[in-house]
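Architecture and fold: a report
The primary structure of each chain is shown beneath.
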Amino acid sequence: MSKFLVETHYTCTFKIVHELDELNEKALSEVDSRKDGKVEIVNVTVNNRKTKRSDGKKTVKSDLENIEISHKKESLNTEKLKNELLNKDQNKTGKFKSDKNEKRFQMPDRRKGYIQKATIGDHKIYLHTGEYDDGKIGEIFIDTNKEGELVKALTNNFAIAISLGLQYGVPLEEFVDAFLDTKFEPSGKVYGNDRILSATSILDYIFRELAISYLGKEDLAHTPGLNRSVEDKNEKDDQFLKIVKNITSKGFVRSNYEEKLVDLSDVRINLKSKN
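Now for a look at the structure at hand. Counting from 1, residues in each chain are numbered in the order their sequence is written. Per-residue local features are limited, in this predicted model, to residues with pLDDT of at least 70; the limit for side-chain atom pairs, both in listing and counting, is 80 or more; totals at the level of whole chains, interfaces and linings are taken over all residues. Each side-chain value is derived from all of the structure's non-hydrogen atoms; neither hydrogens nor water enter the calculation.

With that settled, consider helix 5 (residues 202-215). With 14 residues, helix 5 should reach 20 Å at 1.5 Å per residue; the first-to-last C-alpha distance of 19 Å fits that figure. Extensive coverage of helix 5 is indicated by the burial of 13 of its 14 residues. Helix and strand assignments come from DSSP, with helices taken as H or I runs of at least 4 residues and strands as E runs of at least 2, each series counted from the N terminus. Two residues or fewer after helix 5 comes G216, characterised by a positive phi angle close to 65 degrees. Every helix has an expected span of 1.5 Å times one less than the residues it contains. Relative accessible area decides the class of each residue, using a 1.4 Å probe on protein chains only: under 20% of the type maximum gives buried, over 50% gives exposed, and in between gives partly exposed.

Structure representation (structure tokens):
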């Protein structure tokens, strides 16, 4: 039969009562050295109680272990609450995406694109684009002149933010809807762009240009585009046009590949091999 030892720790609050014949400073200073006081216990509390086997093996966890268990329980409760909130958000939105499921579609090292120079007022704007192999836009760069370092830095970082959004799958339509018709200076007439004649701001001009070039939104252009019918093209021409599309910037030609083609049918190339 096992035997156990129980150790109980108490904290006692007590007081010592002395009887004085006279109340003066000398008598009060000698109180602590007197041994005739009466001790009275005011309160007794049990601080801790430990149980162990008579052979020295502990059967009850120590205070440190109890603290660790309590901390683990709190962590489990916190994790449970977090999962409940995530499930609630998932039920509300219909789907939940974790950071691991988000994928960035990296741009190819060698990419297509175009540069469009335009002037709004006295400000020159250079819009650079980068495209994926299928012609979809994946990045933009914006250069300006006659601007301070602060404006240039904000413009460059704005272009980086837009590029990251495009590479993470944000549709270009969302950016067009957000920034089209924004109004701030410089604004007014646009020179150098054959489809846009005026803009209410730099952002309005940039996303109007991108919408026309990559989304085919002709209603945002101020001049008519060239739309030639390709219904009478034969199979050979279709194959040739497919090759052209693979090596040509979609934004540069604005899908009008036929108008940008150079007729080389009468050009003969004579290749001579070295003996």
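Whenever Lys or Arg places a side-chain nitrogen within 4 Å of a carboxyl oxygen from Asp or Glu, that contact is recorded as a salt bridge. Summed over the entire model, instances satisfying the criterion amount to six salt bridges. Of the charged contacts, one joins E218 and R195 as a salt bridge, the two residues approaching to 2.4 Å between their closest N and O atoms. Placement of E218 in the loop between helix 5 and helix 6 (235-247) and of R195 in the loop between strand 6 (188-191) and strand 7 (198-199) is noted, with a sequence separation of 23 residues between them. Note that D204 and R208 form a salt bridge whose closest N and O atoms lie 3.1 Å from each other. One end of the pair, D204, and the other, R208, are both in helix 5, four residues apart, so they sit about a helical turn from each other. For the pair D204 and R208, one class covers both residues: buried. One continuous salt-bridge network, built from bridges that share partners, spans D181, D204 and R208.

Note on placement: S163 falls in helix 3 (residues 149-167). Contact definition: two residues touch when any of their heavy atoms are within 4.5 Å. Apart from residues lying up to four places away in sequence, S163 is in contact with G138, E139 and I140.

Let us look at the sheet that holds strand 7. Strand pairing requires that DSSP identify at least two bridges connecting the strands. In space, the five strands of this open sheet follow the order 5-4-3-6-7, with antiparallel pairing throughout. At either margin of the open sheet sits one strand with a lone partner, and together these are strand 5 (137-144) and strand 7. Axes here mean lines fitted to C-alpha atoms, for a helix over just the part in contact, with angles spanning 0 to 180 degrees between N-to-C directions. Sitting on the sheet, helix 5 touches strand 3 (115-120), strand 4 (123-131), strand 5, strand 6 and strand 7, and the angle it makes with strand 4 is about 35 degrees.

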